[in-house]
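As a plain string of letters, each chain reads:
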Amino acid sequence: MLSLIIGGILLILALYIFFGPQKSEQKPKENKNIKNPPIEKEKEIKKEKEEPKIDISKYLIKTIKECNGMSKCYFYKKGHLILFCDERKLSLCHLKSFLNESPKIYSKTIEKDLIVDICLSPEKKTIFCANKNSKSILYYILDKVDGKIKLVKLDKSIICNRPYEIRSIVCNESGTLLCSIGTNDDTEIQIFDPISSEIKFKESTSAIQNLQMLMGPNDTDLLISTFMNDISVLNFEKSDKFNNETKKYENIYKFKRTSSIPVKAKPLFYALSNNEKFFVVACDDNSVKIFRNYGNISESKIYTKINLDFDPNCVCLFVDDFDGKLEGYCAIGKDNDILIYKIQDENSQIYLELSEAHNGNILSLYITKENENDKKCKELILISAGKDGRIKIWKI
């Protein structure tokens, strides 16, 4: 009996030892191949890879603040004039004067209306100002008053009789034609004789909406961009007719729509090059397209294209040389930044980026030689205008 009891105790001890509590598990070894740097270290690595920002102040030559929030700014190669405005004030300045320490700027405040657009006839030295509420176009000239040169309003105007506001106006260099387009679904083009203030021609583009107008290089072509992804060309045929009453020859114009330039995207902004042999179009498909003008702008063909990752505000093209191959610079507005591309024939590469060039969106850009009268001059300057009311000159 005793032997059975002892045998049972030994069996229980054996089972306890075998199935009793296990030794504490060891922690698994870390896999040294897995790299997991802290978040702060990741940020430092990313920071090292970022390119340092360019100090744009070393490229800035001059800044002029003349407006309380610029709405329009145009550069005229003929006469080297800068015409700009805000909603209330119209201003004109010669580029040579602008480069001086104390530039001479001629200004005129509009008291009873708001300015929607402006344009200039360099030959007639007349400024046309389109007003919002009255839907009228007023005339201004530089004249001497009390021994001082001032902008003076003439006692004449054009009433446009549109259902909505005037969107844009443009005048040819000779000052013989003045064109206007309207806002919203008012797609009628109105063409006036600025001398008599009479309407000469009107026609609808039959588009969803008209966007921008530009006079062609030969002073007899009008370019109009629409929501239809093209640029329409309207041609003016000029002839002289003898007036028996006045005993003088008068200019007679016939108008016809010749063709459309297939941009294949919505044109956001476009401009002629400095030599007027090319024109450049900023498009809503993240591109800038350069067209070659082969003597007749309606027959223009695409020459090259700059692909971007944004929709540009505005654009300009300076052709330095063209001997079968295009060489020059293209400045592009990206919100408040300016990107300058160097063009070599059909190839383009970023040349300079001016980050935060203005405190508001870029309105217009213009590249020219620092001294236009010196044929040997190679130094180029870029003039930019922004919604912050500032005009800036940069060296390229």
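Residues numbered from 1 in each chain as written. Predicted model: local features only at pLDDT ≥ 70, side-chain atom pairs only at ≥ 80, totals over all residues. Heavy atoms only, no water.

### Quick word on the pairing of strand 8 (residues 136-145)
The line we're drawing: Here, a strand pair is defined by DSSP locating no fewer than two bridges between the strands. Secondary structure elements are defined from DSSP: runs of H or I of at least 4 residues count as helices, runs of E of at least 2 residues count as strands, and each element is numbered from the N terminus.
Bridge count for strand 7 (residues 126-131) against strand 8 is 5 bridges, and the pairing is antiparallel. The residue bridging Cys129 from the neighbouring strand is Leu138, located in strand 8. Summarising the sheet, strand 8 and strand 9 (residues 148-159) pair through 9 bridges and their orientation is antiparallel. Its bridge partner being in strand 9, Leu138 is matched across the sheet by Ser157. Joining the antiparallel neighbours strand 8 and strand 9 is a turn of 2 residues, in which Asp146 adopts a positive phi near 55°.

### Comments concerning unusual backbone geometry
What counts here: The cut-offs for exposure are 20% and 50% of the maximum accessible area for each residue type, with area from a 1.4 Å probe on protein chains only; residues under the lower value are buried, those over the upper are exposed, and the others partly exposed.
Here Ser197, not a glycine, exhibits a phi torsion of approximately 65°, which is positive. As for its position among the elements, Ser197 is in the loop between strand 12 (188-193) and strand 13 (198-204). Backbone geometry places Asn229, a non-glycine residue, at a positive phi of 65°. Take Asn229: it is sitting in the loop between strand 15 (221-226) and strand 16 (230-243). For Asn229, a relative accessible area of 35% puts it in the partly exposed group.

### Thoughts on the sheet that holds strand 18 (residues 267-272)
This is how the line gets drawn: Note on geometry: axes are C-alpha line fits, over the in-contact stretch for helices, and angles between N-to-C directions span 0 to 180 degrees.
Read from one edge of the open sheet, 4 strands run 18-19-20-21, paired in antiparallel fashion. Pairing within the sheet leaves two strands with one partner each, and these edge strands are strand 18 and strand 21 (301-307). Within the sheet, the average angular offset between the axes of one strand and its neighbour, ignoring direction, is 20°. Bridge count between strand 20 (residues 287-292) and strand 21: 6 bridges; the pairing is antiparallel. Bridged to Ser287 within strand 21 is Asn307.

### As for the packing of aromatic side chains
The test is simple: Centres within 6.5 Å make a pair out of two Phe, Tyr or Trp rings, where for Trp the six-membered ring is used; the pair is then stacked when the planes are under 30 degrees apart, edge-to-face when over 60, and tilted otherwise.
According to the stated counting rule, one finds 5 aromatic pairs in the structure shown. Measuring from ring centre to ring centre gives 5.6 Å for Phe278 and Tyr303, while their planes differ by 85°; the resulting arrangement is edge-to-face. Of this pair, Phe278 sits in strand 19 (residues 278-283) while Tyr303 sits in strand 21; the two residues are 25 residues apart in sequence, bridging distant segments of the chain. Judged on exposure class, the residue Phe278 and its partner Tyr303 are both buried. Aromatic pair Tyr329 and Tyr351: ring centres 5.3 Å apart, planes at 65°, arrangement edge-to-face. In this pair, Tyr329 is assigned in strand 23 (residues 326-334) and Tyr351 in strand 25 (residues 347-354), connecting sequence segments 22 residues apart. You can call Tyr329 buried: its relative accessible area is 13%.

### A short note on the pattern of salt bridges
As a reminder, the rule being used: When a carboxyl oxygen of Asp or Glu lies within 4 Å of a side-chain nitrogen of Lys or Arg, that pair is called a salt bridge.
According to the stated counting rule, one finds 3 salt bridges in the structure shown. Where Glu165 meets Lys132, a salt bridge forms, and the shortest distance between an N and an O atom there is 3.9 Å. With Glu165 in the loop between strand 9 and strand 10 (166-171) and Lys132 in the loop between strand 7 and strand 8, the pair connects residues that are 33 residues apart, well separated along the chain. For Lys132, a relative accessible area of 29% corresponds to the partly exposed category.

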